[in-house]
Amino acid sequence: MKNRMIIILLSIVVILLVASAIVFIAGGIFSNPKYVEPWKKSYSKKFDDPRIQLAAHGILAANGHNMQPWKIKLDADKDVFYLFADSEHLTKEVDPFARQTMITQGTFLEYVRVAGEKLGYETNIVLFPDGEYDEQNLAGSMNNKPVAKITLTKVEPKNSVLYDFMFLPDTNRAAYQKTQLTSDQIKQLIAINTDKDMTIKIFQDKENIKKLGNYAVKGAEIESSIHRINQESSNIFRSNEYKKNKYRYGFSVEGQGTTGIMKYVMQGLITLVPSINNEKNSADIYVKSTQMVVDNTPAYVMIITKDNSRIEQVKSGMLYSRLILTAHSLGFVMQPPSQVLEEYTEMKEQYNKIHSNYAPKDSTIQMFLRMGKPTQEFPQSMRRDVMDLVDGK
Ligand SMILES: Cc1cc2nc3c(=O)[nH]c(=O)nc-3n(C[C@H](O)[C@H](O)[C@H](O)COP(=O)(O)O)c2cc1C
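This structure is a prediction, so every number in the text was calculated from the model and none was measured.

Participant: Residues and numbers for the overall build of the protein chain, please.
Facilitator: Counting its regular elements, the protein chain contains twelve helices and eight strands. In terms of overall dimensions, the protein chain is globule-like: its C-alpha atoms have a radius of gyration of 22 Å, near the 21 Å expected for 393 residues. For the C-alpha atoms alone, the extent of the protein chain along its principal axes is close to 85 × 55 × 45 Å. Here the protein chain holds 393 residues, and the buried ones make up 52% of them. The contacts of the protein chain with a sequence gap of at least 6 include a subset with a gap of at least 24, amounting to 79%. Per element, the accessible surface of the protein chain, about 18500 Å² overall, is 56% carbon and sulfur. Across the protein chain, the mean location of the 49 positive side-chain charges is 6 Å away from that of the 44 negative side-chain charges.

Participant: Give a detailed account of the pattern of salt bridges, specifying residues and quantitative values.
Facilitator: Enumeration over the complete set of coordinates arrives at 20 salt bridges. One salt bridge in this structure joins Asp164 and Lys41, with 2.7 Å as the shortest N-O distance. Of the two residues, Asp164 is situated in the loop between strand 4 (148-154) and helix 5 (183-190) and Lys41 in the loop between helix 1 (2-27) and helix 2 (50-58); the sequence distance between them amounts to 123 residues. With a relative accessible area of 43%, Asp164 lands in the partly exposed category.

Participant: So what's going on with the site of the ligand? Which residues, and what values?
Facilitator: Taken together, 19 residues surround the ligand, and among them Thr171, Arg173, Pro336, Ser338 and Arg383 come closest. Separating an oxygen atom of the ligand from a backbone N or O atom of Asn63 is a distance of 3.1 Å. Contacts to the ligand include Gln339, whose side-chain N or O atom sits 3.1 Å from an oxygen atom. Bound to the protein, the ligand loses 94% of the 620 Å² it would expose on its own. With three residues, helix 3 (residues 99-119) is the largest single contributor of residues to the shell around the ligand. Class assignment for the residues of the shell around the ligand results in six nonpolar, ten polar and three charged.

Participant: Provide a residue-level description of the side chain of Thr91, including the pertinent values.
Facilitator: By secondary structure assignment, the location of Thr91 is in the loop between strand 2 (80-85) and helix 3. Excluding anything up to four places from it in sequence, Thr91 contacts His65, Met67 and Glu232.

Participant: Please give an account of the side chain of Glu343 that cites residues and values.
Facilitator: Looking at the secondary structure, you find Glu343 in the loop between strand 7 (333-335) and helix 12 (348-358). The exposure class assigned to Glu343 is buried, which follows from its relative accessible area of 18%. A polar contact is formed between the side chain of Glu343 and the side chain of Arg99, at a distance of 2.7 Å. Every residue in contact with Glu343, bar those within four places of it in the chain, is listed here: Val94, Asp95, Pro96, Phe97, Arg99 and Tyr351.

Participant: I'd like a rundown of the packing of helix 1 against helix 9 (residues 260-272), residues and numbers included.
Facilitator: For the pair helix 1 and helix 9, interaxial distance at closest approach is 7 Å and the crossing angle is 90°. With respect to helix 9, the element helix 1 is oriented roughly perpendicular. Residue-level contacts link Ile22, Val23, Phe24, Ala26 and Gly27 of helix 1 to Ile261, Tyr264, Val265, Gln267, Gly268, Leu269, Thr271 and Leu272 of helix 9. For the contact of helix 1 with helix 9, the residue count by class is nine nonpolar, four polar and no charged.

Participant: A description of the sheet that holds strand 5 (residues 198-203) should follow, citing residues and the corresponding values.
Facilitator: The strands that make up a sheet are held in pairs by hydrogen bonds between backbone atoms, and each pair lies either parallel or antiparallel. Across the sheet, which stays open at both edges, the four strands sit in the order 5-6-8-7 with antiparallel pairing between neighbours. Edge strands, defined here as strands with exactly one partner in the open sheet, are strand 5 and strand 7. The mean angle between the axes of side-by-side strands here comes to 30°, regardless of whether they run parallel or antiparallel.

Participant: Break down the packing of aromatic side chains for me, with residues and values.
Facilitator: Under the counting rule described, the total for this entry stands at eight aromatic pairs. Summarising the aromatic geometry, the rings of Phe128 and Tyr133 are spaced 5.2 Å apart at their centres and angled 85° between planes, so their arrangement reads as edge-to-face. With relative accessibility at 7%, the residue Tyr133 sits in the buried group. An angle of 90° between the planes, with centres 6.3 Å apart, marks the rings of Tyr247 and Tyr249 as edge-to-face. Here the aromatic cluster, defined as three or more aromatic residues joined through ring pairs, consists of Phe203, Tyr215 and Tyr358.

Calculation criteria
- Residues numbered from 1 in each chain as written.
- Predicted model: local features only at pLDDT ≥ 70, side-chain atom pairs only at ≥ 80, totals over all residues.
- Heavy atoms only, no water.
- Helix = DSSP H or I, 4+ residues; strand = E, 2+ residues; numbered from the N terminus.
- Rg over C-alpha atoms; globule rule 2.2 N^0.38 Å.
- Buried < 20%, exposed > 50% of the residue type's maximum accessible area, 1.4 Å probe, protein only.
- Contact = heavy atoms within 4.5 Å.
- Areas by Shrake-Rupley, 256 points an atom, 1.4 Å probe, with all protein chains shown as cover.
- Lys, Arg positive; Asp, Glu negative; His and termini not counted.
- Charge placed at Lys NZ, Arg CZ, Asp CG, Glu CD.
- Salt bridge = Lys/Arg side-chain N within 4 Å of Asp/Glu carboxyl O.
- Near = heavy atom within 4 Å.
- Polar contact = N/O pair within 3.5 Å; in protein donor to acceptor, adjacent residues only side chain to side chain.
- Nonpolar A, V, L, I, M, F, W, Y, C, P; charged D, E, K, R; others polar.
- Axes fitted to C-alpha atoms, helices over the stretch in contact; angles between N-to-C directions.
- Parallel < 35°, antiparallel > 145°, perpendicular 65-115°, else oblique.
- Pairing = 2+ DSSP bridges.
- Phe/Tyr/Trp six-rings, centres within 6.5 Å; stacked < 30°, edge-to-face > 60°.

Quick look at the structure:
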């Protein structure tokens, strides 16, 4: 009798061990996460060409849906390179006019500029040097017309205060502490903008915190109820280490702050039983977590531009990167719940409301974000190999 009990117990232990091993292997526990290599400070040093070294910093920038829609063309003149938007890395459902894709060109350019200071290169950035896009043929224009021409001039390296903050994750989707920005910190953030066609607005009063939190939740509710958008996000979700190493762009469980052993457990379970991550479950979790984080948000920030030209979209991305780096230097983190700023039909009512409440007539809210001191560190997300961005390599 005693022997039978021992055999049963041992069998249960073996079954549990085998099941756990299957989950961990399916999650990719033995894979080397190449997709985070670009975050290493030594990464850019692997390359001799300073243009690649700078682009290796650009890819760390925040970018819509982590699509990393960037292409680099190296000129015959070794001091010059071009940035193009990658028309094969668009998210047409959430970003039908590619406005976020253009902001994302700007976030990259500002990281290149800051890295240039540290590495000893002045970066002269000219936007749309061959003219703006033909909007009737957007994808074709993206392929043919550069977003920016970047010319490098060797100068003395500077001790850039923002440089080190490029290596921190850009987005933190967790609850924030109650601490608000001091008036000095607000002044410091507002002062990073010197362009008269752009404005940074910061809200910390109870009424606006409530109103803006409601916009974020409403946006999440509307977006998560749209099948074609859920499908688009699901297509770029990389469920385990193998997929993350293969694609190196898109979403992954790190985006929700999952790290350590839990990351492999979650990935293993989702890989073995994909229905865990079905549309309804994901939508419920998304709306609930949005409600939870807006209940723990002490400040909101907006970047508003006078018009909505491609140049202003790119410039607001540059400003967003500067805002991220400066906020990091003050110990703050951020997340842009962009849904209410998206231009698809179902969001139109909320889009119009937030614009009529917060943006002067004819101006555009390019970025809307929550800001605060973190309650939890966030992991680094996937990044492509910078050489994959180089056109015609
Ligand atoms: C234009 C733009 C729109 C974004 N919209 C959202 C959003 O709606 N929700 C969100 O959580 N993050 C948003 N982000 C952050 C990106 O998802 C994030 O930068 C990307 O996944 C890479 O992760 P990282 O910033 O942590 O490196 C946005 C970023 C940009 C530049």
